[in-house]
Amino acid sequence: MAIAIDGPAASGKSTVGQALAERLGCLYFDTGVMYRAVTWAALDRGIAIDDEAAVTALAEGLFIEVTEGTADDGRQVTVLADGVDITWAIRKRAVDLNVSPVSAYAGVRRAMVAQQRRVAAGRAVVMVGRDIGTVVLPDADLKIYLDATVEERARRRWRELLERGKAADWPDVLTLMRRRDRIDSSREVAPLRAAEDAVILDTTNLTVDEVVDEAERLVRDRAGT
C-alpha cells in the first residue's frame, strides 16, 4: 500500500508516519527534508533565497539521499546532500526561516516531486509531507490529514528545540509557526490542504500512540485485514 500523510508543521506527521511504517514493516519517507535540504544548500552556497531561478537550478542538480538513521543521536533518518550529512543542519533556525519560500517555488517542487515519486514507485510506503495526497501520490491507497491547533503545534516545536538543547523563545516559535501556515496554505503551487478523500485526524488532545493506533486501524480497514 501507498499511504499519504499530510498536515501543517508540527502536527505529528513525522512521528506518526515513522511509527506507522515500523508497525507495517514498510518504507518511511518524510518529503519535507528534501525542501529543507535545498534550503540548506542554497544558504551554504551563498545563493540568494529570493533568486527563484538559481534556487530551482540548485534543486534540479542536488542529489538528496534519505536513509534510516545512521547515528545514535536522536535522528529518525539520515539526510545527505551530495554526500554530506546534513541531518541536523537542516533543522537550524536559518533553514526554518527560509524553507517556506523555497518550497513554494514551482521549479523546486517539480524537481522534488519527481524524486519523491521515484522513491515510492513499486514499494509499500508511508510518505509524509504537505501535498502527498493532493499532488505527489494522488492515487494513494489511504490518505490521512493530521491537524492540531497552531498553539499546540508551536508548543510541540518549542519543546523539541529545548530538548535538543537549543535556545527557543515561545512567542517567536508561535509567530514563526503562524507565518509558515500562512505561506504553505496560500502558495500558488500545491497549497497545503486536505485531499477530498483524506481522513482528517485532529491530534491536539491525542497522544502519539493514540494517533498511531487510529492510523493503523484505518490501514487495516482499507486493506481488509
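Keep in mind it's a predicted model, so treat the numbers as computed, not measured.

Chemist: Help me get a handle on the side chain of T134, residues and values and all.
Modeler: With respect to the element layout, T134 can be found in helix α6 (residues 132-136). Within the local environment of T134, its side chain forms a polar contact with the backbone oxygen of D131, the two atoms lying 3.5 Å apart. When near neighbours in sequence (up to four residues on either side) are disregarded, T134 contacts R193, A194 and A195.

Chemist: Requested: an account of the packing of helix α2 (residues 32-44) against helix α3 (residues 52-61), with residues and values cited.
Modeler: At a closest axis distance of 10 Å, the pairing of α2 and α3 adopts a crossing angle of 120°. With respect to α3, the element α2 is oriented oblique. Note that α2 runs across α3; the crossing there is right-handed. Side by side, α2 and α3 meet where V38, A41 and A42 of the first sit next to V55, L58 and A59 of the second. When its residues are assigned to classes, the contact of α2 with α3 shows 6 nonpolar, no polar and no charged.

Chemist: Provide a residue-level description of the pairing of strand β7 (residues 142-147), including the pertinent values.
Modeler: With 5 of 6 residues buried, β7 is to be regarded as a mostly interior element. Two strands pair when backbone bridges link them, and strand β1 (residues 2-6) and β7 are joined in this way by 4 bridges, in the parallel orientation. Following the sheet pairing, I3 is matched in β7 by L142. Bridging between β7 and strand β8 (residues 199-202) involves 4 bridges; their strand directions are parallel. Of the residues in β8, the one forming a bridge with Y145 is I200.

Chemist: Quick rundown of the packing of aromatic side chains? Include the residues and the values.
Modeler: Overall, the coordinates contain 1 aromatic pair when judged by the stated rule. Here W158 and W170 contribute two aromatic rings whose centre-to-centre distance is 6.3 Å and whose plane-to-plane angle is 65°, an arrangement assigned as edge-to-face. Linking W158 in helix α7 (residues 150-163) with W170 in helix α8 (residues 170-186), this pair joins segments that are 12 residues apart in sequence.

Scoring rules and cut-offs
Residues numbered from 1 in each chain as written. Predicted model: local features only at pLDDT ≥ 70, side-chain atom pairs only at ≥ 80, totals over all residues. Heavy atoms only, no water. Helix = DSSP H or I, 4+ residues; strand = E, 2+ residues; numbered from the N terminus. Polar contact = N/O pair within 3.5 Å; in protein donor to acceptor, adjacent residues only side chain to side chain. Contact = heavy atoms within 4.5 Å. Axes fitted to C-alpha atoms, helices over the stretch in contact; angles between N-to-C directions. Parallel < 35°, antiparallel > 145°, perpendicular 65-115°, else oblique. Left-handed = near helix turned anticlockwise from the far one by under 90°. Nonpolar A, V, L, I, M, F, W, Y, C, P; charged D, E, K, R; others polar. Buried < 20%, exposed > 50% of the residue type's maximum accessible area, 1.4 Å probe, protein only. Pairing = 2+ DSSP bridges. Phe/Tyr/Trp six-rings, centres within 6.5 Å; stacked < 30°, edge-to-face > 60°.

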